[in-house]
Amino acid sequence: MAEQKEKFYITTPIYYTNGLPHIGHTYTTVVADVLRRYKKMRGYDVVMTTGTDEHGVNVERAAKNAGIPESEFVARMADTWRALWDELGLTADEFVRTTDLQHVRTVQWLFRLCKENGYVYKGHYTGQYCIYDNAYVNDAKPGDPCPDCGRPTETVTEENYFFKLSAFQKPLLDFYRKYPEFIQPETRKNEIISFVEGGLKDLSITRTTVRWGIPVPGEEPHVFYVWFDALTAYLSAVGGPDYEKRGMWPADVHLVGKDIIRFHTVYWPAFLMAAMLPLPKQVWAHGWFLMDAAKMSKSKGNVVLPRPIANMLGMDALRYFLLREVVFGQDGNFSYDALVTRYNADLANGLGNLASRTAAMLEKNFAGKVPKPGTRLPQDDALAKEAQGAIGEVLERYDKLEFARALETIWSVIAAADKYLTTEQPWALGNSPEEESRKATILWTTAELLRIVTALAHPVLPDSTAKVWKLLGQNAAIGATPLDGLHWGQLAPDVTLGKFQALFPRVEKTETIERIEAMANEELNPTPAAPASKPAAPAASSGAAGALAAGPAEKIGIEDFTKVEMRVGQVKTAERIVGADKLLKLTVDIGSEVRQICAGIAQYYEPESLIGRKVVVVVNLAPRKLRGVESNGMIVAASVGPEGRPVLAGFHEDVEVGARLK
Ligand code: MSP
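In this text the structure is predicted, and so the values were computed from the model without any measurement.

Undergrad: Talk me through the overall build of the protein chain; I want residue IDs and the actual numbers.
TA: Secondary structure assignment for the protein chain yields 20 helices and 25 strands. With respect to the three principal axes, the spread of C-alpha positions in the protein chain is 90 × 85 × 40 Å. Sorting the 662 residues of the protein chain into buried and exposed places 53% on the buried side. Contacts in the protein chain between residues at least 24 apart in sequence constitute 75% of all its contacts with a sequence separation of at least 6. Surface exposure of the protein chain reaches about 29300 Å², of which carbon and sulfur atoms provide 52%. Side chains of the protein chain give 75 positive and 81 negative charges; the mean places of these two sets differ by 1 Å.

Shown next, in the form of structure tokens:
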């Protein structure tokens, strides 16, 4: 009889649909995906869920702005989120939408259980509410800003259903004590315990001022307050009221950002206790990825998008960076510079280089087959010991979600292999039987080490490790390789190697960053009437310099042309941007104001030569950031020759600064 696998249920938060996915959301989803792959390799029956949080005032407003019904708005947004995760290879088993019927039923059922057990009552509430974070702000006065996002709170008075959260102070504290692993990391646990020890107020769980929500049966116009609705998604994803049939509940780990830990470790267990349902085993709160030391948000214009990075460097590179750069649980800064540096150092030079060297040497010396090792020397055994020792260590680190340390260990084994090859110099050995045998031992040892690090790195680098796996002639799917059975010595001699496929080609930093930024700008502010990846007109901004062949353009009406506001500008200052070879930072007088504009012309124009020059500026282009420098407008240039050399548009007569071009 097949052995019953142990289950493991992982969740990401369900994401708000009034915004688009950025690197912060990607981070949580990547971690969930890594854990999912890892647990599968440890033999678990794994389910991972993600989804979209689709109710609330924000969605009402966003749909109104878009001029479409809420249901259509959220359907489009859910598709966008789902499609992005698919494109990035982040494979959830369930994608739950809070407008799904199954979810609606589950929320109503949970409410009924809480009510039947005496933990729900009707009352009135007046308070300050942050519509952006969908949370009442305790102790705030009218006009106070939201402590989380800093935006103004709104005063709300309404009839509500209340949840008796106050009744759960002791049960929650007892629970935290009994299950010290429940809140992770430790620092967050202390924070939550002192919050609960400070006393819990009852919680409003329905609203009458919001229309777009799940109705409380028989109690219209009450709809559920977003957190009662949203948290329940974890249960509805795996069966809702019939959760026992699916056998996945309770969740083994809820992965969340530190901003929403209180909802997950106080409200959620209290709701479940009230309904007498099993409680999740763990809530793991990670830190934030910061951009310029601030949390990313579209309003601040500092969001980093995952797609351009994945397109330029591959999704594995982004996954590696997110997990390697920052200790899981802590905040960290995101920078393209650090991303590309790590890519070149750890991936191109590290794993990529080891794989290509090994493949080339095996091809050359053993006709593309794994050789049979000869007599081992102490240095071979030492390397074997190091790789074998790393296996247990890496698994332990993955188990504790210490991803950065797991990768550190794997990469120290890669470094040991590099050193071993440098010392042993198999390429310097001749063709005598002894030397052939020594070569076979060295190359078998290296290939075996590569096999082990490849299996260990697979949860983080699924695509590239699958390529190395095939290269090593391993035919079984790498994702199905049981990590518990992994040990030194399993690489069979005589196996024929697969074809070598380049893993991480080295990239040039400045150019890569500029291309990522150009793609991100295009995604955030798509050029109207142009295919998504191509700038429409020859232009000297954004580093693209309009280097595109001008094909036959689609005809536009005059109304389209007048949408583009072009004015005469005069360059006041011009300077180079450190680390960006192609960009100049200009200040340009456009009559009504002086603008800062970045232009991709540094390779063709000396900054000093531009001062005082009159140029054509597109003034109504949305601002964008290039290499961290704000660019507010675009300077028009012709694109000349095969390289697309920018030649600035200008005038042969004197023209007034600020004059509009028609
Ligand atoms: N809808 C709620 C969650 C309900 S779960 C029952 C929500 N959505 S969210 O879209 O705003 O955020 C989802 C997650 O993304 C949060 O865990 C949040 O911390 C995470 N991140 C958003 N920006 C982030 C960074 N800049 N860095 C890391 N993660 C951050 O909250």
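Still more to cover.
Undergrad: So what about helix 5 (residues 169-178)? Which residues, and what values?
TA: Within helix 5, burial applies to Leu172, Leu173, Phe175 and Tyr176. Angular distribution of buried residues about the axis of helix 5 spans 160°; they occupy a single face of the element. The exposed set on the far side of helix 5, more than 90 degrees from its buried face, consists of Lys170, Arg177 and Lys178. As for helix 5, its buried residues are in contact with strand 7 (183-184), helix 6 (186-197) and helix 10 (261-275).

Undergrad: Now, about the sheet that holds strand 15 (residues 332-333): what can you tell me, with residues and values included?
TA: Overall, mixed pairing links the 3 strands, which are arranged 14-13-15 in an open sheet. The sheet is open, and its two edges are formed by strand 14 (294-295) and strand 15, each paired on a single side. Bridging between strand 13 (residues 289-291) and strand 14 involves 2 bridges; their strand directions are antiparallel. Bridge pairing links Met291 to Ala294 in strand 14.

Undergrad: Account for helix 14 (residues 378-399), naming residues and giving values.
TA: Given a rise of 1.5 Å per residue, 22 residues ought to cover 32 Å, and the 32 Å separating the end C-alpha atoms of helix 14 matches this to within 8%. Once helix 14 finishes, Leu401 follows within two positions and takes phi at roughly 60°, a positive value.

Undergrad: Kindly report on the site of the ligand, identifying the contributing residues and their values.
TA: The environment of the ligand is made up of 22 residues, and the closest members are Ile14, Asp53, Gly257, Asp259 and Phe289. Tyr16 is positioned with one of its backbone polar atoms (N or O) 3.2 Å from an oxygen atom of the ligand. Burial of the ligand by the protein amounts to 95% of the accessible area it has alone, namely 660 Å². Of all elements in the fold, only strand 1 (7-16), helix 1 (23-41), helix 7 (226-231) and strand 11 (253-257) reach the threshold of two or more residues within the shell around the ligand. With 4 residues, strand 1 is the largest single contributor of residues to the shell around the ligand. Class assignment for the residues of the shell around the ligand results in 12 nonpolar, 7 polar and 3 charged.

Undergrad: How would you explain the sheet that holds strand 11 if you had to name every residue and give the values?
TA: Here we have 6 strands laid out as an open sheet, ordered 3-2-1-11-12-7, and parallel in their pairing. Edge strands, defined here as strands with exactly one partner in the open sheet, are strand 3 (94-97) and strand 7. Note: strand 11 against strand 12 (residues 283-286), 4 bridges, orientation parallel. Residue His254 lies in a different strand from strand 12, and its bridge partner there is Val283.

Undergrad: I'd like a rundown of the side chain of Thr206, residues and numbers included.
TA: Take Thr206: it is sitting in strand 9 (residues 206-207). Judged by its relative accessible area of 0%, Thr206 is buried. Reaching out from Thr206, the side chain makes a polar contact with the side chain of His222 at a distance of 2.8 Å. Contact partners of Thr206, with chain neighbours within four places excluded, come to Glu158, Asn160, Tyr161, Val216, His222, Val223, Phe224 and Tyr225.

Undergrad: I'd like a rundown of unusual backbone geometry, residues and numbers included.
TA: Look at the link from Glu220 to Pro221: it is a cis peptide, with omega at 10°. With respect to the helices, strands and loops of the structure, Pro221 is situated in the loop between strand 9 and strand 10 (223-224). A cis amide bond links Trp249 to the next residue, Pro250, at an omega of 10°. Tracing the sequence through the fold places Pro250 in the loop between helix 9 (243-246) and strand 11. Here the phi dihedral of Ala367 falls at roughly 50°; this positive angle occurs in a residue that is not glycine. Within the secondary structure layout, Ala367 lies in the loop between helix 13 (336-366) and helix 14.

Undergrad: Outline the nonpolar core, supporting the account with residue identities and numerical values.
TA: Side chains of a nonpolar character, in soluble globular proteins, are inclined to be buried together. Judged by nonpolar contacts, the single largest core of 114 residues is most densely connected at Phe334, Ile410 and Trp411. No other element matches helix 13, which puts 13 residues into this core. The residues touching Ile410, leaving out its near neighbours within four places in the chain, are Val394, Tyr398, Val453, Leu456 and Ala457. Listed in part, the 68 residues of the second largest apolar core include Phe111, Leu113, Phe224 and Trp249.

Conventions adopted
Residue positions are given per chain, counting from 1 as you read along its sequence in written order. With pLDDT at 70 or above as the cut-off, local features in this predicted model cover only qualifying residues; side-chain atom pairs require 80 or more to be listed or tallied, and sums for whole chains, interfaces and linings still use all residues. Each side-chain value is derived from all of the structure's non-hydrogen atoms; neither hydrogens nor water enter the calculation. Here a helix means four or more residues in a row that DSSP labels H or I, a strand means two or more in a row labelled E, and each is numbered from the N terminus. Any residue under 20% of the maximum accessible area for its type is buried, any over 50% is exposed, and the rest in between are partly exposed; the area is computed with a 1.4 Å probe on protein chains only. Residues count as neighbours in contact if any of their non-hydrogen atoms are within 4.5 Å of one another. Note on areas: Shrake-Rupley, 1.4 Å probe, and residue coverage restricted to the protein chains presented here. As used throughout, the charge tally considers Lys and Arg to be positive and Asp and Glu to be negative, leaving His and the chain termini uncounted. By convention, charge coordinates are those of NZ in Lys, CZ in Arg, CG in Asp, or CD in Glu. Our arc is simply the arc of the directions from the helix axis toward the C-beta atoms. At least two DSSP bridges between two strands are required for those strands to pair. Here a helix's expected span is defined as the number of its residues, less one, multiplied by 1.5 Å. Note on definitions. A residue lies near a molecule or strand when any single heavy atom of the residue is within 4 Å of it. Polar contact is defined as a pair of N or O atoms within 3.5 Å, subject to the rule that within protein one atom must be able to donate a hydrogen and the other to accept it, and that residues adjacent in sequence are counted only when both atoms are side-chain atoms. Gly is placed with the polar residues, together with every amino acid not listed as nonpolar (Ala, Val, Leu, Ile, Met, Phe, Trp, Tyr, Cys and Pro) or charged (Asp, Glu, Lys and Arg). We call a set of buried Ala, Val, Leu, Ile, Met, Phe, Trp, Tyr and Cys residues a nonpolar core when their side-chain atoms join them within 4.5 Å.

Geometric values such as these leave the question of function open.
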